[in-house]
Amino acid sequence: MYAARANLKPLVVAGHEAGGQLSLTTLVENFPGFPEGIQGPELIENMKLQAQNFGAEYLHGAVIDTDFSTRPLRLNIEGEWMETRTVIVASGASARWLGLESEQKLIGHGVSSCATCDGFFYKGKRIMVIGGGDSAMEEANFLTRFGRDVTLVHRREEFRASKIMLDRARHNPKIKFLPSTVVEHVFDVSQSLVTGVRLRNLKTGEEWEQDVDGFFVAIGHIPNTKVFKGQIETDADGYILSKGGARTNIPGVFHAGDVQDRSYRQAVTAAGAGCMAAIEAERYLEAEGH
Ligand code: NAP
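Residues numbered from 1 in each chain as written. Predicted model: local features only at pLDDT ≥ 70, side-chain atom pairs only at ≥ 80, totals over all residues. Heavy atoms only, no water.

Trainee: Mind showing me how you'd approach the site of the ligand here?
Mentor: What surrounds the ligand is a group of 14 residues, the closest being Asp134, Ser135, Arg155, Arg156 and Arg160. For the ligand, a nitrogen atom lies 2.9 Å from a polar atom in the side chain of Glu138. Out of a free accessible area of 910 Å², the ligand has 71% covered by protein chains. Mapping the ligand onto the cavity grids shows that it belongs to the second largest pocket. At 3 residues, helix α5 (residues 134–143) tops the list of elements feeding residues into the shell around the ligand. (Near = heavy atom within 4 Å. Polar contact = N/O pair within 3.5 Å; in protein donor to acceptor, adjacent residues only side chain to side chain. Areas by Shrake-Rupley, 256 points an atom, 1.4 Å probe, with all protein chains shown as cover. 1 Å grid on protein atoms, 1.4 Å probe; cavity = no way out; pocket = protein on both sides within 12 Å on 5 of 7 lines; lining within 4 Å. Sits in = over half its atoms within 2 Å of the grid points. Helix = DSSP H or I, 4+ residues; strand = E, 2+ residues; numbered from the N terminus.)

Okay, here's the thing in structure tokens:
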């Protein structure tokens, strides 16, 4: 939107998961401007229409390779090389899922990867959080504000989470820990609603079912930076290393949103970061005399 309004002729390469994580969610209540909330996919569609109204073009398909060693910059989109003066990388981070078929079918219907986004819907309800890292501890603690109780399920006895985060969760009377336990199935796909899970204790082999209304998977995210590997500097986990503002290590290549942000990961912060990146791109082009 900002790039189009600055007459920069932006091309949006929408990727195979167009709309990203917002397209996987249902009601979004924390994006400013929508007092009644808005469905994630509708928000995405509105943003697209708004950008197109100012002349942004959309291309379906994904970037499969890049060459940022030359000018103009080069991108391979579905087998065809294209040239551009600037690139804004907003390829996001995909939530890591357990991979159960039932889990996948219930995403947005009780299965969530974002407590900040969806916790509010589980007031007085039974909540389950999966994971043993800082995200899982943070989400479990946060969700006790809403839920009747929170069960934290982790596959090992030892926790990857920092001591302080783990202690905070352990001291929270609303959180019950189930270590060395894995989820075998999420019910109930036939109702399109989470109603419970089947669990298995890895030490004893015991299997049982537990009623649950909200199922939060907090086992990490995977930043979508594979196609920029060896060119854009990232940290060990693949998140883009910012060089200040929206700048990457490559002049003319900027970052926006979760692909660089492991901390806030919100639609509104990503939108703001997109604005920053477009303004930086505009300034860069101006300085380069374009
Ligand atoms: P993480 O540290 O990589 O932890 C992921 C957790 O998920 C691990 O406990 C892992 O179990 C578990 N897991 C992974 N795949 C699984 C699977 N297929 N089935 C079951 N469990 C699975 O990820 P994170 O918690 O999102 O944290 C990412 C980074 O952000 C960390 O550096 C963290 O410190 C930081 N962070 C910090 C804060 C904070 O300080 N406020 C908050 C959130 C995140 P195993 O341990 O068995 O591998």
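Trainee: For this particular structure, what's the right way to read the packing of aromatic side chains?
Mentor: To describe a pair of aromatic rings, one takes the distance between the centres and the angle between the planes. Applying the stated criterion across every chain, the model contains 7 aromatic pairs. Arranged with centres 5.6 Å apart and planes meeting at 85 degrees, the rings of Tyr122 and Phe216 form a pair that is edge-to-face. Residue Tyr122 is found in the loop between α4 (115–118) and β11 (126–130), and its partner Phe216 is found in strand β17 (residues 214–217); the two are separated by 94 residues along the sequence. For the pair shown, Tyr122 and Phe216 are each scored as buried. Geometrically, the ring pair formed by Phe142 and Phe146 is edge-to-face, given 5.3 Å between the ring centres and 70 degrees between the ring planes. The positively charged end of Arg5 is found above the aromatic ring belonging to Phe54, 4.9 Å away from the centroid. Over the face of the ring belonging to Trp81 we find Arg74, whose NZ or CZ atom lies 4.4 Å from the ring centre. (Phe/Tyr/Trp six-rings, centres within 6.5 Å; stacked < 30°, edge-to-face > 60°. Buried < 20%, exposed > 50% of the residue type's maximum accessible area, 1.4 Å probe, protein only. Lys NZ or Arg CZ within 6 Å of the ring centre and 35° of its normal.)

Trainee: Help me understand the state of the cysteines, please; the structure alone is not making it clear to me.
Mentor: By definition, a disulfide links the sulfur atoms of two cysteines through a covalent bond. Summed over the entire model, instances satisfying the criterion amount to 1 disulfide. Between the sulfur of Cys114 and that of Cys117 lies a disulfide, 2.0 Å long from S to S. Taking the sign of the torsion about the S-S bond as the criterion, the disulfide between Cys114 and Cys117, at about 75 degrees, is right-handed. Since its relative accessible area comes to 14%, Cys114 is described here as buried. (Disulfide = S-S within 2.5 Å.)

Trainee: What is the right way to read the packing of α5 against helix α6 (residues 163–170) from this model?
Mentor: When two helices pack together, their arrangement is given by the angle between their axes and by how far apart the axes lie. Across the interface, α5 lies against α6 with an axial gap of 9 Å and an inter-helix angle of 30 degrees. In this structure, α5 crosses over α6, and the sense of that crossing is left-handed. Contact with α5, carried on its side by Asp134, Met137, Glu138 and Asn141, involves Met165, Leu166, Arg168 and Ala169 of α6 and no other residues of that element. Residues that form the contact of α5 with α6 fall into these classes: 4 nonpolar, 1 polar and 3 charged. (Axes fitted to C-alpha atoms, helices over the stretch in contact; angles between N-to-C directions. Left-handed = near helix turned anticlockwise from the far one by under 90°. Contact = heavy atoms within 4.5 Å. Nonpolar A, V, L, I, M, F, W, Y, C, P; charged D, E, K, R; others polar.)

Trainee: Hey, could you run me through the side chain of Asp213 in this one?
Mentor: Along the chain, Asp213 turns up in the loop between β16 (207–211) and β17. Taking relative accessible area as the criterion, Asp213 reaches 17% and is therefore assigned buried. Non-local contacts of Asp213, meaning those with residues more than four positions away in its chain, are made with Gly110, Tyr122, Lys125, Arg126 and Val194.

Trainee: I tried to follow unusual backbone geometry on my own but got confused; where do I start?
Mentor: With glycine set apart, most residues show a phi of negative sign, and most peptide bonds adopt trans. Cis rather than trans, the peptide bond between Arg71 and Pro72 has omega equal to -5 degrees. Residue placement: Pro72 occurs in the loop between β5 (63–67) and β6 (73–77). Of note, the amide linkage connecting Phe187 to Asp188 takes the cis form, showing an omega dihedral of 10 degrees. Positive phi values are uncommon outside glycine, yet Lys9 reaches one of about 55 degrees. With respect to the helices, strands and loops of the structure, Lys9 is situated in the loop between α1 (2–5) and β1 (11–13).

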